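# An overview of the molecular structure
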Amino acid sequence: MSQQTLREVRDSLLHLNAINSEREFCERWLCKSECYLRTLKINHIDASADALATLASKLGHYAGELSRSEQSHHRHHAQEFARLKRLCEHSLFAQAERKWRKTA
């Protein structure tokens, strides 16, 4: 689920011209190596909680900044960033719940 979340956020940011490449997404939005998404895919593993939390935080920051703009396209971007932030948070909490349920 978290891999799918990261891909959806990446694709949305590409569509909004907020990033230019997957490399930029991994390095600047996840604070991970340029090959982070490929590594997850190859190894069939979930994204780290750190990556999801970092991404949610950055999306939330820019959603707030853009929402104060007078330009309508900035406010649209703010709404999309806020939606993507919620998507990351949902994925993060679902991953955490799966973890604690395994130990219960």
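Here's what I pulled together on the structure shown here. None of the values given here were measured: they were computed from a predicted structure.

Attention now moves to the nonpolar core. Among the nonpolar cores identified, the biggest contains 25 residues, and Leu6, Leu13, Phe25, Leu55 and Leu59 are the most heavily contacted of them. Looking at this core, the elements with two or more residues in it are α1 (2-15), α2 (22-29), α3 (36-43), α4 (49-67) and α5 (72-103). The leading source of residues in this core is α4, at 7 residues. With residues up to four places along the chain from it excluded, the contact list for Leu55 reads Leu6, Val9, Phe25, Trp29, Leu30 and Cys88.

Okay, α4 next. Taking 1.5 Å of rise per residue, the 19 residues of α4 would be expected to cover 27 Å, and the 27 Å separating its terminal C-alpha atoms lies within 8% of that figure. Taken as a whole, α4 has its buried residues at Ala51, Leu52, Leu55, Ala56, Leu59, Ala63 and Leu66. The buried residues of α4 occupy one face: seen down the axis, they fall within an arc of 125 degrees. Close packing links the buried residues of α4 with α1, α2, α3 and α5.

Here is what the cut-offs are and how they apply
- Residues numbered from 1 in each chain as written.
- Predicted model: local features only at pLDDT ≥ 70, side-chain atom pairs only at ≥ 80, totals over all residues.
- Heavy atoms only, no water.
- Core = buried A, V, L, I, M, F, W, Y, C linked by side-chain atoms within 4.5 Å.
- Buried < 20%, exposed > 50% of the residue type's maximum accessible area, 1.4 Å probe, protein only.
- Helix = DSSP H or I, 4+ residues; strand = E, 2+ residues; numbered from the N terminus.
- Contact = heavy atoms within 4.5 Å.
- Expected span 1.5 Å × (residues − 1).
- Arc of directions from axis to C-beta.

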